[in-house]
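Survey of secondary and tertiary structure
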Amino acid sequence: MTFLKQFNEKSDILMDRLRSFADGKRVVDLFPELNHTALDAINLIAFGLNTDCINEKDKRLSDSISDSLRVIGLSFEIPFYEVQIKKKQFFFHLFVDFY
């Protein structure tokens, strides 16, 4: 299967999902929908892994990636923050040592 066919397959799944939301009464946040589609397409095309994040069957994967990106972004904003992971929660604290 070529790259374009795989991308179109994931795009068709997204369009079917968005059509199911189109009742004229519901507001749909497209950001997570597009993120899940992009994650599915990248996983399938680059790694050959079909995660089906579009249908939110594997929400742990997308949540883990979001958490990781949040920590990376925070490390750029505030370089003196240390991240400790305890029981799936991130704890941030300032770790400036004075000598």
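Before any of the text, the structure's been laid out above.
Parameters at a glance
- Residues numbered from 1 in each chain as written.
- Predicted model: local features only at pLDDT ≥ 70, side-chain atom pairs only at ≥ 80, totals over all residues.
- Heavy atoms only, no water.
- Helix = DSSP H or I, 4+ residues; strand = E, 2+ residues; numbered from the N terminus.
- Buried < 20%, exposed > 50% of the residue type's maximum accessible area, 1.4 Å probe, protein only.
- Areas by Shrake-Rupley, 256 points an atom, 1.4 Å probe, with all protein chains shown as cover.
- Contact = heavy atoms within 4.5 Å.
- Expected span 1.5 Å × (residues − 1).
- Polar contact = N/O pair within 3.5 Å; in protein donor to acceptor, adjacent residues only side chain to side chain.

**What about the overall build of the chain?**
- When helices and strands are counted, the chain shows three helices and two strands.
- Across the chain, helices and strands are ordered from the amino to the carboxyl terminus as α-α-α-β-β.
- A total of 99 residues make up the chain; the buried ones form 19% of that total.
- Per element, the accessible surface of the chain, about 7,900 Å² overall, is 61% carbon and sulfur.

**Considerations on the environment of Leu44**
- Relative to the assigned elements, Leu44 resides in helix H2 (residues 30-47).
- The exposure class of Leu44 is buried, given its relative accessible area of 12%.
- Linking Leu44 and Phe7, residues 37 residues apart in sequence, is a C-alpha distance of 8.6 Å.
- In this structure Leu44 touches Gln6, Glu9, Lys10, Leu49 and Asn50, once residues within four positions along its chain are discounted.

**With respect to the environment of Ile54**
- Here Ile54 lies in the loop between H2 and helix H3 (59-77).
- With a relative accessible area of 0%, Ile54 lands in the buried category.
- Sequence-wise, Ile54 and Ala41 are 13 residues apart; in three dimensions their C-alpha atoms are separated by 9.7 Å.
- If near-sequence neighbours (up to four positions away) are discounted, Ile54 is found in contact with Lys10, Ile13, Leu14, Arg17, His36, Thr37 and Asp40.

**Some points on H2**
- The end-to-end C-alpha distance of H2 is 25 Å, a good match for the 26 Å that 18 residues give at a rise of 1.5 Å each.
- For H2, the complete set of buried residues consists of Glu33, His36, Thr37, Leu39, Asp40, Ala41, Asn43 and Leu44.
- Looking at where H2 begins, the residue whose side-chain oxygen comes 3.4 Å from the main-chain nitrogen of Phe31 is Asp29.
- Trailing H2 by a residue or two, Gly48 shows a phi angle of about 70°, which is positive.

**A look at unusual backbone geometry**
- The phi dihedral of Asp52 is positive, around 55°, even though this residue is not glycine.
- Assignment of secondary structure puts Asp52 in the loop between H2 and H3.
- With relative accessibility at 14%, the residue Asp52 sits in the buried group.

Limitation: the analysis is restricted to geometry and does not speak to function.
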